[in-house]
Every structure is written in C-alpha cells, then in structure tokens.
Amino acid sequence: QVQLVESGGGLVQAGDSLRLSCAASGRTFSTYAMGWFRQAPGKEREFVAAISWGGGSTNYADSVKGRFTISRELAKSTVYLQMNSLKPEDTAVYYCAVDLGPYRATTLPGEYDYWGQGTQVTVSS
C-alpha cells in the first residue's frame, strides 16, 4: 500500500504562484512514477503532469505547459507541482497519484494505482 498526502493548495489571484507537494508513505521502497491530476466542479478528472521514477521522463497537459513544473525528491518520497502564472481556469481539486510502472509518465488515470485525497486550488480573477 502507498499513502499519499497532498498539501500547498489555497486561494490565490490570477498571475500568482503556488507549489503543491505530495508525500508518499508506505511502499516507498518500491519504484514508481507519480502524476498530478485535477478536477473542477462539474468536469471530469484531467491529467496535469507526470514524472517517471528517476525524473528522466516528464509529461504535461497542453493547458499547463510552460507554466507548471513537476519535480520529485526521491529521498523524501515527495513530488512537487510548481504552478506559475495561475489562471482562473486552473481552479480545481488537485490530486497526486502513484503509477507502479516506474519508467513512464503516463497521462492515463486508469494506469495509476494509488491516489491522494486532493487539495483545493482556487484562482480568483
């Protein structure tokens, strides 16, 4: 089992920045990729970013490319999502997830094995 706890969400204004963190515990001796997804009210959960086990492979949704950066700190079993130039349309609950296939950075939510509870990000205009 892997437990995931997200933090760093909040209420910001358009153009501001936030950094989300997701700490994994449990099967941290395993290798795994990690990803971020988000879900806005009334919408389906959508892919945001993903990073492979060693960080050599990353993937981003087109809507966040150039504004968001995913990174991970293996020693702390933590993945980060640096979000810059935030827009109102970035408002959503952000979830981190673990993919036990460690060498990919997949966009497909069905490929992820564990999910966190989510953290709310609200961007006001």
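Residues numbered from 1 in each chain as written. Predicted model: local features only at pLDDT ≥ 70, side-chain atom pairs only at ≥ 80, totals over all residues. Heavy atoms only, no water.

Engineer: If you had to explain the nonpolar core to someone new, which residues and values would you point to?
Structural biologist: Formed by 36 residues in total, the largest nonpolar core has its most connected members in L4, W36, L81, M83 and Y94. Of all the secondary-structure elements, those providing two or more residues to this core are β1 (2–7), β3 (18–26), β4 (33–39), β5 (46–51), β7 (68–73), β8 (78–83), β9 (92–99) and β11 (119–124). (Core = buried A, V, L, I, M, F, W, Y, C linked by side-chain atoms within 4.5 Å. Buried < 20%, exposed > 50% of the residue type's maximum accessible area, 1.4 Å probe, protein only. Helix = DSSP H or I, 4+ residues; strand = E, 2+ residues; numbered from the N terminus.)

Engineer: Residues and numbers for the environment of A33, please.
Structural biologist: Within the fold, A33 resides in strand β4. With relative accessibility at 0%, the residue A33 sits in the buried group. On a C-alpha basis, the gap between A33 and G55 in space is 8.5 Å, while along the polypeptide they are 22 residues apart. Among residues more than four places away in sequence, those in contact with A33 are I51, S52, W53, R72, A97, V98, D99, G101, P102 and R104. (Contact = heavy atoms within 4.5 Å.)

Engineer: Lay out the pattern of salt bridges with the relevant residues and their values.
Structural biologist: Tallied over the full model, the rule gives 7 salt bridges. Measuring nitrogen to oxygen at the nearest pair gives 2.6 Å for the salt bridge that ties R104 to D99. Close ionic contact of R104 with E111 constitutes a salt bridge, the shortest N to O distance being 3.1 Å. Among the ionic contacts, a cluster of salt bridges with common partners joins R38, E46, R67 and D90. (Salt bridge = Lys/Arg side-chain N within 4 Å of Asp/Glu carboxyl O.)

Engineer: I'd like a rundown of the environment of T78, residues and numbers included.
Structural biologist: Residue placement: T78 occurs in strand β8. Residue class for T78 comes out buried when judged on its relative accessible area of 9%. Residues T78 and M34, spaced 44 residues apart in sequence, show a C-alpha to C-alpha distance of 9.2 Å. In this structure, T78 is in contact with S21, C22, A23, S71, R72 and E73, ignoring residues within four places of it in sequence.

Engineer: Any details on unusual backbone geometry? Residues and values, ideally.
Structural biologist: The phi dihedral of S77 falls on the positive side, at around 50 degrees, and the residue is not glycine. Take S77: it is sitting in the loop between β7 and β8. The class of S77 is buried, set by a relative accessible area of 15%. For S85, which is not glycine, the phi torsion reads 50 degrees and is therefore positive. When you line up the elements, S85 lands in the loop between β8 and β9. Of the residues examined, S85 reaches a relative accessible area of 41% and is grouped as partly exposed.

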